[in-house]
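Each chain, letter by letter, is given below.
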Amino acid sequence: MELKVNGKTFNVDADDDAPLLWIVRDEIGLTGTKFGCGKALCGACTVHVDGVPVRSCSYPIAAAVGKEITTIEGLSDKTAIAVQKAWVDNHVPQCGYCQSGQIMSAVALLRTNKKPKDSDISGAMSGNICRCGTYQRISAAIKQAAESLV
Ligand code: FES
Ligand code: FES
């Protein structure tokens, strides 16, 4: 199958139902996307498919053919840069394990909602679990990034 990841084309040999997560990590070597639960419950594996955040642990590779897949390594637009800066400024990560998934969800939110309210942020981020409890800093960083993009 031919996959387009972060603007590059890769040919991969895999079953149709192989999870996108393992293709991205093991076949393509992009290890910024993490494995957490494997059941679409924690958000650690979040990537974008045609700009929409999906749980790559439960997303069959065949469904990604012909689409633009973006991982944490491929984020480079101004929204992503604003989010990355806000994450640093707010010292968001603790252990860091969940953070690539958190950032993928935050960037997707800010691309579609330039002025998110608290309820928008909690709604968009509710599928991303952080065992270190960095939720308040995540929320503050998203607000800072939104303000910097106005
Ligand atoms: S590893 Fe995919 S949602 Fe948890
Ligand atoms: S920073 Fe440790 S799980 Fe989120």
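Refer to the structure above for everything that follows.
Within each chain, residues carry numbers counting from 1 in the order of the written sequence. The naming scheme follows written order: chains are lettered A onward, ligands numbered 1 onward. This being a predicted model, a pLDDT of at least 70 is required before a residue's local features are given, and a value of 80 or more before pairs of side-chain atoms are given or counted; all residues contribute to the totals for chains, interfaces and linings. Side-chain measures here rest on the full set of heavy atoms in the structure, leaving out hydrogens and waters.

1. Digging into the pattern of salt bridges
Defined as follows: For salt bridges, the criterion is a side-chain nitrogen of Lys or Arg within 4 Å of an Asp or Glu carboxyl oxygen. Numbering of helices and strands starts at the N terminus; helices are DSSP runs of H or I of at least 4 residues and strands are runs of E of at least 2.
If you walk through the whole model with that rule in mind, you get four salt bridges. Among the salt bridges present, the one from D77 reaches R111, with a minimum N-O distance of 3.0 Å. Pair noted here: D77 is in the loop between strand 5 (68-70) and helix 2 (78-89) and R111 is in helix 3 (residues 99-112), with a separation of 34 residues, a long-range link. Two residues, D118 and K143, come together in a salt bridge whose shortest N-O distance is 2.7 Å. Linking D118 in helix 4 (residues 118-125) with K143 in helix 5 (residues 135-148), this pair joins segments that are 25 residues apart in sequence.

2. Looking at the nonpolar core
For the record, the criterion: Residue types Ala, Val, Leu, Ile, Met, Phe, Trp, Tyr and Cys, when buried and joined through side-chain atoms within 4.5 Å, form a set referred to as a nonpolar core. Categorising residues by exposure relies on relative accessible area from a 1.4 Å probe, with only protein chains included: less than 20% of the type maximum marks a residue as buried, more than 50% marks it as exposed, and the intermediate range marks it as partly exposed. Should any heavy atoms of two residues lie within 4.5 Å, those residues are considered in contact.
One finds L75, V83, W87, I103 and I142 to be the most contacted residues of the largest nonpolar core, which totals 21 residues. It is helix 3 that provides the largest number of residues to this core, a total of six residues. Discounting chain neighbours no more than four positions away, the residues touching L75 are H48, T70, A80, Q84, I103, M104, V107 and R111. Core analysis: the next-biggest nonpolar cluster, separate from the first, contains 16 residues, V5, L20, V24 and I69 among them.

3. A few points about a nonpolar patch on the surface
Here is the rule we go by: Candidates for patches are residues over 30% relative accessible area with no salt bridge; among them, like charges are joined within 9 Å and nonpolar side chains (Val, Leu, Ile, Met, Phe, Trp, Tyr) within 5 Å. Accessibility throughout is a Shrake-Rupley quantity obtained with a 1.4 Å probe, and a residue counts as covered only by protein chains that appear here.
Where nonpolar side chains cluster on the molecular surface, the patch consists of W22, F35 and Y97 and spans about 270 Å² of accessible area. Inspection of the secondary structure assignment puts Y97 in the loop between helix 2 and helix 3.

4. As for the side chain of Q99
Inspection of the secondary structure assignment puts Q99 in helix 3. Apart from the residues lying within four places of it in its own chain, the contact partners of Q99 are W87, V92, P93, C130 and T134.

5. Comments concerning the packing of helix 3 against helix 5
Quick reminder of the rule: To obtain each axis, a line is fitted to C-alpha atoms, and for helices this fit is confined to the stretch in contact; angles are then taken between N-to-C directions over 0 to 180 degrees. Note on convention: near helix rotated counterclockwise from far helix by under a right angle means a left-handed crossing. Clockwise means right-handed. Polar here means any residue outside two lists: the nonpolar Ala, Val, Leu, Ile, Met, Phe, Trp, Tyr, Cys and Pro, and the charged Asp, Glu, Lys and Arg; Gly therefore counts as polar.
At a minimum axis separation of 11 Å, helix 3 and helix 5 run at an interaxial angle of 35°. Handedness of the helix 3/helix 5 crossing: right-handed. Together, Q102, A106, L109 and L110 of helix 3 and I138, I142, A145 and A146 of helix 5 make up the contact between the two elements. Looking at the contact of helix 3 with helix 5 residue by residue, the class counts come to seven nonpolar, one polar and no charged.

6. Some remarks on the sheet that holds strand 3 (residues 46-49)
Whenever strands of a sheet pair, they do so through backbone hydrogen bonds, lying parallel or antiparallel. Cut-off, in case you're wondering: Note on pairing: two strands pair once DSSP finds at least 2 bridges between them.
Taken in spatial order, the five strands line up as 2-1-5-3-4 in an open sheet, and their pairing is mixed. Bordering the open sheet on either side are strand 2 (8-11) and strand 4 (52-55), each of which pairs with just one other strand. On average, each strand axis in the sheet is tilted by 40° relative to the strand beside it, whichever way the strands run. When strand 1 (residues 2-5) meets strand 2, the two strands line up antiparallel, connected through four bridges. Bridge pairing in strand 2 links K4 to T9.

7. Focus: the packing of aromatic side chains
Rules: Aromatic pairs are defined between Phe, Tyr and Trp rings, using the six-membered ring for Trp, whenever the two ring centres lie within 6.5 Å; interplanar angles under 30 degrees are classed as stacked, those over 60 as edge-to-face, and all others as tilted.
Under the criterion given, the structure shown has one aromatic pair. With centroids separated by 5.2 Å and ring planes inclined at 45°, the aromatic side chains of W22 and F35 adopt a geometry described as tilted. In this pair, W22 sits in helix 1 (residues 20-27) while F35 sits in the loop between helix 1 and strand 3, placing the two residues 13 residues apart along the sequence. Judged by its relative accessible area of 34%, F35 falls in the partly exposed class.

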